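Listed below, chain by chain, are the residues.
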Amino acid sequence: MKYSEFYQTVKDMGFKMTEGMSDIYVENSYGDTVFLVSKDHMYNLDSDFEPFVTMKDEDKEFVFELVYQLAKTPLAEREEEKRYWLQKIPVPLLGEKHG
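Residues numbered from 1 in each chain as written. Predicted model: local features only at pLDDT ≥ 70, side-chain atom pairs only at ≥ 80, totals over all residues. Heavy atoms only, no water.

(A) Broad picture of the pairing of strand β3 (residues 33-38). Most of β3 is tucked away: six of the six residues are buried. Here strand β2 (residues 23-27) folds back onto β3 in antiparallel fashion, the turn holding five residues, of which G31 has a positive phi close to 85°. Relative to strand β4 (residues 45-46), β3 is paired through two bridges, and the arrangement is antiparallel. Bridge pairing in β4 links V37 to L45. Where β3 hands over to β4, the hairpin turn is made up of six residues, of which Y43 adopts a positive phi near 65°. (Buried < 20%, exposed > 50% of the residue type's maximum accessible area, 1.4 Å probe, protein only. Helix = DSSP H or I, 4+ residues; strand = E, 2+ residues; numbered from the N terminus. Pairing = 2+ DSSP bridges.)

Here it is, written out as structure tokens:
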């Protein structure tokens, strides 16, 4: 799962995603952390937050599955591929007269 897919799904669920130095936080509408997933290590996640514990079981399952999908994705595959556009700029030859 790409970070962009994760972000969009989290947003569609009514949560928000914030990034720290080495972690991604899923937060509820009050800004409380619900879940955390590592950006540096696969399979490293944390759900030991009060807002997660008090969620309905159906919501917990959906959030957990989403976070687990990201956590099990190899780190290199989480980033979008970088795309480059090349533009050829005409350069006048030496000795050509301009005018």
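(B) Molecular detail of the environment of D32. You can see D32 is positioned in the loop between β2 and β3. By relative accessible area, D32 is classed as partly exposed at 37%. Residues D32 and K72, spaced 40 residues apart in sequence, show a C-alpha to C-alpha distance of 24 Å. What D32 contacts, discounting residues up to four positions off in sequence, is V26, E27 and P51. (Contact = heavy atoms within 4.5 Å.)

(C) Structural view of a nonpolar patch on the surface. A contiguous nonpolar surface patch, about 270 Å² in accessible area, is contributed by M42, Y43 and L75. Relative to the helices and strands, M42 is located in the loop between β3 and β4. On the basis of relative accessible area, M42 is assigned to the partly exposed category, the value being 33%. (Patch = residues over 30% accessible without salt bridge, like charges linked within 9 Å, V, L, I, M, F, W, Y side chains within 5 Å. Areas by Shrake-Rupley, 256 points an atom, 1.4 Å probe, with all protein chains shown as cover. Salt bridge = Lys/Arg side-chain N within 4 Å of Asp/Glu carboxyl O.)

(D) Representation of the packing of aromatic side chains within the structure. For the structure shown, the criterion picks out four aromatic pairs. Ring centres 5.0 Å apart and planes at 85° place the aromatic pair F35 and F52 in the edge-to-face group. Placement of the pair is F35 in strand β3 and F52 in helix α2 (residues 50-53), with a sequence separation of 17 residues. Ring geometry for F64 against Y68: centres 6.2 Å apart, planes inclined by 10°, an arrangement best described as stacked. Residue F64 and its partner Y68 are located together in helix α3 (residues 57-71), separated by four residues, close to a single helical turn. F64 sits in the partly exposed class, given a relative accessible area of 34%. (Phe/Tyr/Trp six-rings, centres within 6.5 Å; stacked < 30°, edge-to-face > 60°.)

(E) Representation of the sheet that holds β4 within the structure. The strand order β1-β2-β3-β4 describes an open sheet built from four strands, whose pairing is antiparallel. If you trace the sheet from one side to the other, it starts and ends with β1 (16-19) and β4, each paired once. Packed onto the sheet, α3 meets β2, β3 and β4 and runs at close to 20° relative to β3. (Axes fitted to C-alpha atoms, helices over the stretch in contact; angles between N-to-C directions.)

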